[in-house]
Amino acid sequence: MKYDDVYDFVGQVGVFQVCASSCLLLYCLFALDSMTMIFAGADMPHFCQVEELENLSYDLQKLIAIPLDGSGAVSSCEMFNLDYSNYSMEDYLTWNRTLMMDNNTGVVPCSKWIYEQVVFVSTIVSRFGLVCEWSFLIPLVSTVYMAGSLVGGAIGGPLSDRIGRKPTILVFLSVKVIGVFLSTFSPNYVVFIVGRSIMGAGSIGCYNTCYVLTMELVGPKYRSLMGGSVQVATSLCFVLQPLIAYLDRHDVRYQMAALAPNAVVLLIALEVCESPRWLVVTGRHDNAEKLFRQMSLVNGGSLPPDFSTKSIENEENSTGSCLLLFRFPVLRLRTILCAYLW
């Protein structure tokens, strides 16, 4: 008997697989936290803060203190070099830029900024001052996230083959929850990017393993359908993120709403079963038989009383490496194309 033949007795897909897969699909619904930076890291209109002018309207503050850049727009990084304590409130209210300043009036860089809450109430740009000469730190957030994803992706596969699918999911999901906590409640930029890199590692490691476990729980006839279901859940994630950002435009609360469900999924994942294929391949026949009998009972299958996973044709647990992707010409070409597209 081949491994896939067992599903003819326990059910290609049934209540057991649907319940187990639903837990995994729930994670996929909140998996793509890389999208959160589109909103949490959005730029906010800003200009130099002058303490003497803080009781005036933004338009009047810009007229008094902020020069125009080469395109004629209000500068975001410079202010006029004036001693504003020498002017009265009446001077401010009747300010005439032509009369109050001449061509020799210099400009100085901003030391503090006012962030206009036009679209967002707060983002990491306003929280950490990522403007002007520090604006290059914004795309760096995505870079460290992808670096973490690279590490998580490289470790996840071998780890799940060694310790099992379920423990790997729990490990990476725990890592992700730690990263979520660090990035959401970070007191400074350094802690934030450390949290994002940890999130990247945990997210991709858990996502890949969830996908594999979902496919290994169902029979061959329904694997394409289950694979499509994972992509549907992922697509819903793309839909949810803008909706959450629209409802709450403060970056900390937005991240809490978008990412906190991962902690709930972690608790649910404790009840997810192990992959029967992994149990068979690694020789854990007692556990595999117990799982198949439970699956058959829930699905209303007809597993023979004398069934034993030891009768399944041996599937060698080969320990290959990622170098195998480049060993065969067709596989090498596909690997290169997929890497290029990503």
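If you're wondering where the values come from, they're calculated on a predicted model, not measured in any experiment.

**Student:** What is the right way to read the pattern of salt bridges from this model?
**Tutor:** When charged atoms on two side chains of opposite charge get close, those side chains can pair. Summed over the entire model, instances satisfying the criterion amount to 8 salt bridges. With a shortest N-O distance of 2.8 Å, aspartate 161 and arginine 165 are connected by a salt bridge. What makes aspartate 161 partly exposed here is its relative accessible area of 37%. Put simply, aspartate 248 and arginine 253 hold a salt bridge, and the shortest N to O gap is 3.0 Å. Residue aspartate 248 is classed as partly exposed on the basis of its relative accessible area, which comes to 21%. When salt bridges with common partners are traced through the structure, they connect Asp4, Arg223 and Arg277 into a single cluster.

**Student:** Can you help me understand the state of the cysteines in this one?
**Tutor:** The bond known as a disulfide is covalent and runs between the sulfur atoms of two cysteines. Applying the stated rule across the entire model yields 2 disulfides. Linked covalently through their sulfurs, cysteine 48 and cysteine 110 form a disulfide whose S-S length is 1.5 Å. Measuring the twist about the S-S bond at about -55°, one finds the cysteine 48-cysteine 110 disulfide to be left-handed. Taken together, the residues cysteine 48 in strand 1 (residues 46–48) and cysteine 110 in the loop between strand 3 (107–109) and strand 4 (113–115) connect sequence positions 62 residues apart. By relative accessible area, cysteine 48 is classed as buried at 1%. Each disulfide pairs two cysteine sulfurs, and for cysteine 77 the partner residue is cysteine 132, the sulfurs being separated by 2.0 Å. Looking along the S-S bond of the cysteine 77-cysteine 132 disulfide, the torsion reads about -105°, which is the left-handed sense. Separated by 55 residues along the polypeptide, cysteine 77 in the loop between helix 4 (58–65) and strand 2 (78–80) and cysteine 132 in the loop between helix 7 (124–128) and helix 8 (137–163) bring together distant segments of the chain. Judged by relative accessible area, which is 28%, cysteine 77 ranks as partly exposed. When its relative accessible area of 16% is taken as the criterion, cysteine 132 is described as buried.

**Student:** For this particular structure, what's the right way to read the nonpolar core?
**Tutor:** Generally speaking, a soluble globular protein has its nonpolar side chains buried in company with each other. One finds Val10, Leu24, Tyr27, Ile169, Leu173, Cys206 and Phe292 to be the most contacted residues of the largest nonpolar core, which totals 35 residues. Counting residues per element, the ones that place at least two in this core are helix 1 (7–10), helix 2 (15–28), helix 9 (165–184), helix 10 (189–217), helix 11 (223–247), helix 13 (261–269), helix 14 (276–281) and helix 15 (285–299). Broken down by element, this core gets its largest block of residues, 6 residues, from helix 2. Apart from residues lying up to four places away in sequence, tyrosine 27 is in contact with Leu173, Lys176, Gly202, Ser203, Cys206, Tyr207, Cys210, Asn262 and Val265. The next biggest cluster of nonpolar side chains, apart from the first, holds 34 residues, and it includes Tyr92, Val125, Leu130 and Ile193.

**Student:** What's the story with empty space enclosed by the protein in this structure? I'm lost.
**Tutor:** Once rolled over the atoms, a probe with the size of a water molecule shows which space is left empty. In total, this model carries 2 cavities of 30 Å³ or more according to the counting rule given. A volume near 40 Å³ is recorded for the largest cavity. Forming the walls of the largest cavity are Cys23, Leu24, Tyr27, Ile169, Leu173, Cys206, Cys210, Val265, Ala269 and Val272. Among the secondary structure elements, those contributing two or more residues to the lining of the largest cavity are helix 2, helix 9, helix 10 and helix 13. Among the elements that take part in the lining of the largest cavity, helix 2 stands out by supplying 3 residues, more than any other. Class assignment for the residues of the lining of the largest cavity results in 10 nonpolar, no polar and no charged. By volume, the second largest cavity is sized at about 30 Å³. For the second largest cavity, the full set of lining residues is Phe39, Ala40, Phe120, Ser122, Ala245, Asp248, Arg249, His250, Asp251 and Tyr254.

**Student:** Is there a simple way to explain helix 8 in this structure?
**Tutor:** For an α-helix, 3.6 residues make a turn, and residues three or four places apart therefore share a direction. Taking 1.5 Å per residue, 27 residues should reach 39 Å; helix 8 reaches 38 Å between its end C-alpha atoms and fits that length. Of all bends in helix 8, the biggest is about 30°, found at glycine 156, and the proline proline 158 comes one to four residues later. Elements in contact with the buried residues of helix 8: helix 3 (36–40), helix 7, helix 9, helix 10 and helix 14.

Reading the values: rules and limits
- Starting from 1, residues in each chain are numbered consecutively following that chain's sequence as written.
- Where totals are concerned, whole chains, interfaces and linings use all residues; where local detail is concerned, this predicted model gives features only for residues with pLDDT of at least 70, and gives and counts side-chain atom pairs only at 80 or more.
- The side-chain quantities take in all heavy atoms of the structure and omit both hydrogens and water.
- When a carboxyl oxygen of Asp or Glu is within 4 Å of a side-chain nitrogen of Lys or Arg, the pair counts as a salt bridge.
- Only protein chains enter the accessibility calculation, which uses a 1.4 Å probe; a residue is then buried when its area is under 20% of its type maximum, exposed when over 50%, and partly exposed in between.
- Two cysteine sulfur atoms make up a disulfide if the distance between them is within 2.5 Å.
- The helix count covers DSSP runs of H or I at least four residues long, the strand count covers runs of E at least two residues long, and both are numbered beginning at the N terminus.
- In this description, a nonpolar core means a group of buried Ala, Val, Leu, Ile, Met, Phe, Trp, Tyr and Cys residues linked to one another through side-chain atoms lying within 4.5 Å.
- The criterion used for residue contact is that any of the two residues' heavy atoms lie within 4.5 Å.
- Both cavities and pockets are sets of points on a 1 Å grid over the protein atoms alone; in a cavity a 1.4 Å probe fits but cannot get out, in a pocket the set is open with protein on both sides within 12 Å along at least five of seven lines, and lining residues sit with an atom within 4 Å of a point.
- Grid points are joined across faces, edges and corners, and a volume is the space filled by probe spheres set on the points.
- In this classification, the charged set is Asp, Glu, Lys and Arg, the nonpolar set is Ala, Val, Leu, Ile, Met, Phe, Trp, Tyr, Cys and Pro, and all remaining amino acids, among them Gly, are polar.
- Each helix should span, by expectation, one fewer than its residue count multiplied by 1.5 Å.
- Two axes are fitted around each residue, one to the seven residues ending there and one to the seven starting there, and the angle between them is reported as the bend at that residue.

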